[in-house]
Amino acid sequence: MHTELKQYTVAELCDGFVYNELEERGLYGLSGRLTIQPEYQRNYLYAEDNGKKEVAVIDSVLKQYPLGLLYFNRLPDGRLEVLDGQQRITSLGRFLTDKFSVMSNELPYRFHALPKDKQVLIENTTLLVYECEGAESEIKQWFQTINIAGIPLNEQEELNAVYSGPFVTKARSVFSNSRNANVQKWGAYVRGSVKRQDFLNTALDWVSHGEVEEYMQSHRRDTQIEELQSHFNDVIAWVESVFADPYSGMCGLKWGKLYDEYHEQVYDQQKMTARAAELMDDPFINTRKGIFEYLLGGEQDTKLLEVRVFDDAIKRRVYKRQTAEARAKGISNCPLCAMGHEAHRTKIWSEKDMDADHVMAWSKGGATSEDNCQMLCKTHNRAKGNKS
């Protein structure tokens, strides 16, 4: 791979700068010769957190602090695309086009409101750029290497770089666009940031059944994303058809996997929604995220809920009472052993060899309270069916 060190002023880099408000990305610079955010680049992030990072870029220029090296890829037709530095260049371009303000003498100023000498200082600031030429694989590998610093690439951002092409372009326009009107609805079920590719990663995970990279590789040259969109929308529509109301516990669940397992079953939406509300309010449930899989599976696997266990004080009191009654009757202090005919029917178990159990199972309405607690030997407790 061939590299060449060059210098550009801020004015040159931002000449013809275009910022796409819909997709929140810088598009072009150097009078259209420079693509600021090629598809393998992450979304623009410096405007987040009230724009602290993009303001810091402008402050650094005004104080004449170095902004660090930039890296461009030179294409066969002579055009350039940013390998590293798109956040900084976009910040500069956004400021020069009056998209945000910086503080000067305790007052906010957009670029064209700054004193002329400060405008000139910014425009004439020189930045060092390494321009490189090489095979696509070399460029992508270098991109991943130089992006170790700064805000690290997450897995999906790296995959976008490796498999950039028409499919990624189209997919990002839908699933990486924070101005997409569907994002708010999707956010009830998908966790993460649109800009950091979490929604795109989720859509790919669902349609590929967990084989995201293989799916991207096989669809890299596709110009349409009907399957990706259709499957994603099918999963969301299915969840809404089963549960009428979105709950906070739904966000981030593996809905794609649950869809694959349960979408052919028939559910009564009214009953499922009412039962979900009831379980969400149940004080004995520790893991509310498990409620939805528990309901979809027919309320069989209570381990999904981590139903609250009896505390040590209750277990000690029940053990003492149960043991005293068993000694008086000459039977085992494990009620199930006492009902048997084996050698353990009169055995008095130590407290450490017993577990607390619901007399009436939690799943049948039994409370996690002292009057619904019994101590069983560990063997019987583990074998007891319909445990809570």
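Look above for the structure.
Definitions and cut-offs
- Residues numbered from 1 in each chain as written.
- Predicted model: local features only at pLDDT ≥ 70, side-chain atom pairs only at ≥ 80, totals over all residues.
- Heavy atoms only, no water.
- Helix = DSSP H or I, 4+ residues; strand = E, 2+ residues; numbered from the N terminus.
- Buried < 20%, exposed > 50% of the residue type's maximum accessible area, 1.4 Å probe, protein only.
- Contact = heavy atoms within 4.5 Å.
- Core = buried A, V, L, I, M, F, W, Y, C linked by side-chain atoms within 4.5 Å.
- Expected span 1.5 Å × (residues − 1).
- Arc of directions from axis to C-beta.

Caption draft 1: Inspection of the environment of Pro 335 at higher detail. By the element assignment, Pro 335 lies in helix α16 (residues 335–338). Pro 335 gets classed as partly exposed once you look at its relative accessible area, which sits at 26%. The spatial distance from the C-alpha of Pro 335 to the C-alpha of Asn 73 is 76 Å, given a sequence separation of 262 residues. Apart from the residues lying within four places of it in its own chain, the contact partners of Pro 335 are Gln 322, Gln 374, Met 375 and Leu 376.

Caption draft 2: Spatial organisation of the nonpolar core. Counting 52 residues, the largest nonpolar core has Phe 175, Leu 228, Trp 238, Phe 243, Trp 255, Phe 292 and Leu 296 as its most contacted members. Secondary-structure elements contributing two or more residues to this core are α7 (166–175), α8 (183–186), α9 (198–208), α10 (212–218), α11 (226–242), α12 (255–262), α13 (269–280) and α14 (291–296). With 7 residues, α11 is the largest single contributor of residues to this core. Setting aside chain neighbours within four positions, we find Trp 238 in contact with Trp 255, Leu 258, Tyr 259, Tyr 262, His 263 and Leu 296. In this structure, Tyr 8, Leu 30, Leu 34 and Val 61 belong to the second largest nonpolar core, which totals 30 residues.

Caption draft 3: Geometry of helix α15 (residues 312–329). The end-to-end C-alpha distance of α15 is 26 Å, a good match for the 26 Å that 18 residues give at a rise of 1.5 Å each. All of the buried residues along α15 are Ile 314, Val 318, Tyr 319, Gln 322, Thr 323 and Ala 326. One side of α15 holds all its buried residues, which, seen down the axis, span an arc of 145 degrees. Counted as exposed and oriented over 90 degrees from the buried face of α15: Lys 320, Arg 327 and Ala 328. Those residues of α15 that are buried are in contact with α16, β10 (354–358) and β11 (373–377). Among the residues trailing α15, Gly 330 stands out with phi positive, at a value near 70 degrees.

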